[in-house]
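# Overview (structure and organization)
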Amino acid sequence: MVRAVCFDLMDTVLYDPYREALAAAIRAVAPAEIARHRDPTCWPAFEIGEIDEAEFVRRFFREGAEGVSFDIEAFNRVRRAGYRFLPGVRDIVEALEGRALRFVASNYPVWVEELRETFALDVLFEGVYSSHHLRVRKPAREFFDRLVGRIGVAAGECLFVDDRAENCDAAAAVGMRAHRFDGAAALRERLVSEGLLER
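Quantities reported herein were computed from a predicted structural model and do not represent experimental measurements. (Residues numbered from 1 in each chain as written. Predicted model: local features only at pLDDT ≥ 70, side-chain atom pairs only at ≥ 80, totals over all residues. Heavy atoms only, no water.)

## Brief notes about the pattern of salt bridges
Selection criterion: Any Lys or Arg side-chain nitrogen found within 4 Å of a carboxyl oxygen on Asp or Glu counts as a salt bridge. Helix numbers and strand numbers start at the N terminus; a helix is a DSSP run of H or I with at least 4 residues, a strand a run of E with at least 2. Relative accessibility thresholds used throughout: buried, under 20% of the residue-type maximum; exposed, over 50%; partly exposed, between the two (1.4 Å probe, protein chains only).
Going through the model one piece at a time under the given rule, you end up with 19 salt bridges. The closest approach of N and O atoms between glutamate 157 and arginine 3, which form a salt bridge, is 3.2 Å. Note that glutamate 157 is positioned in the loop between helix H10 (141–151) and strand S4 (158–162) and arginine 3 in the segment before strand S1 (4–7), a separation of 154 residues in sequence. Relative accessible area serves as the criterion here: at 25%, glutamate 157 is assigned to the partly exposed category. Judged by its relative accessible area of 35%, arginine 3 falls in the partly exposed class. Linking glutamate 194 and arginine 177 is a salt bridge whose minimum nitrogen-to-oxygen distance equals 2.6 Å. Note that glutamate 194 is positioned in the segment after helix H12 (184–193) and arginine 177 in strand S5 (residues 177–180), a separation of 17 residues in sequence.

Structure below.
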């Protein structure tokens, strides 16, 4: 029996405008070249709250990268304007009210606090847990162990929904049921099959 549904946030509940925001923030480097200059450790550190936004911007490019800069104002302007519910997902979350507990279980930095307010996440969900709160990122087992500890529902009674296969595999490894998100229609069918929604 499923007592709780745990949703990834970006590209599962909300559209993730990160790519567009990055293009607005970095104009001197072609998108294909960004990875060559980027410090791969800064985003994970930012997502778990190890560094703040200012340090994320400072560390975004590797030491010695010449002629590149990160415009955080442009980034945040495009990022904030770009979020939106994915088609049909809000309806599904609302339909689960009273049928299952609903939680956000996402890799996301402190910006999740803005989204809580903008999209009334505390009304739609019984709890919002991101890597920023749990201090660890999916697909690490510790993310799921901490999540289960916070929500108070056994792993076997949770359905985890995420657009990334590796995160679904990690959830399944701790005993959760898992659904790889590829649209609202298939998710609704899965919830019907779990007895949580009616056709």
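Once the structure has been displayed, the description carries forward.
## Focus: the environment of alanine 178
Condition: Contacts are assigned to residue pairs with any non-hydrogen atoms lying within 4.5 Å of each other.
Within the secondary structure, alanine 178 sits in strand S5. Contacts of alanine 178, omitting those with residues within four sequence positions, involve Leu159, Phe160, Cys168 and Arg190.

## Points about the pairing of S5
For clarity, the cut-off: Strands are treated as partners if at least two bridges between them are detected by DSSP. When the strands point away from the viewer, a crossover counts as right-handed if the path from the first strand over the helix to the second runs clockwise.
The sheet contact formed by S4 and S5 spans four bridges and is parallel. For aspartate 162, the partnering residue across the bridge sits in S5 and is arginine 180. Assessed by its sense of winding, the connection that carries the chain from S4 through helix H11 (residues 165–173) to S5 is right-handed.

## Let's talk about the nonpolar core
For clarity, the threshold we go by: The criterion is simple. A nonpolar core is a set of buried Ala, Val, Leu, Ile, Met, Phe, Trp, Tyr and Cys residues joined through side-chain atoms within 4.5 Å.
Judged by nonpolar contacts, the single largest core of 53 residues is most densely connected at Val5, Phe56, Phe60 and Phe70. If we skip the residues at most four places from it in the chain, phenylalanine 56 touches Cys42, Trp43, Phe46, Ile51, Phe70 and Trp111. Core analysis: the second largest hydrophobic core is formed by 20 residues, Phe103, Leu134, Phe160 and Ala170 among them.

## Observations concerning the packing of aromatic side chains
Aromatic rings in a pair are described by how distant their centres are and how their planes are angled relative to each other. Selection rule: Pairing of aromatic side chains here covers Phe, Tyr and the six-membered ring of Trp, requires ring centres within 6.5 Å, and sorts the geometry by plane angle: under 30 degrees stacked, over 60 edge-to-face, intermediate tilted.
Taken as a whole and judged by the stated rule, the model has 20 aromatic pairs. With a centroid separation of 5.8 Å and 80° between ring planes, the pair formed by tyrosine 18 and phenylalanine 75 is classed as edge-to-face. Taken together, the residues tyrosine 18 in helix H1 (residues 18–25) and phenylalanine 75 in helix H5 (residues 72–82) connect sequence positions 57 residues apart. Phenylalanine 75 gets classed as buried once you look at its relative accessible area, which sits at 0%. Three or more aromatic residues joined by ring pairs make a cluster, and in this case those are Tyr18, Trp43, Phe46, Phe56, Phe60, Phe61, Phe70, Phe75, Tyr108 and Trp111.

This is a description of form; function is not addressed.
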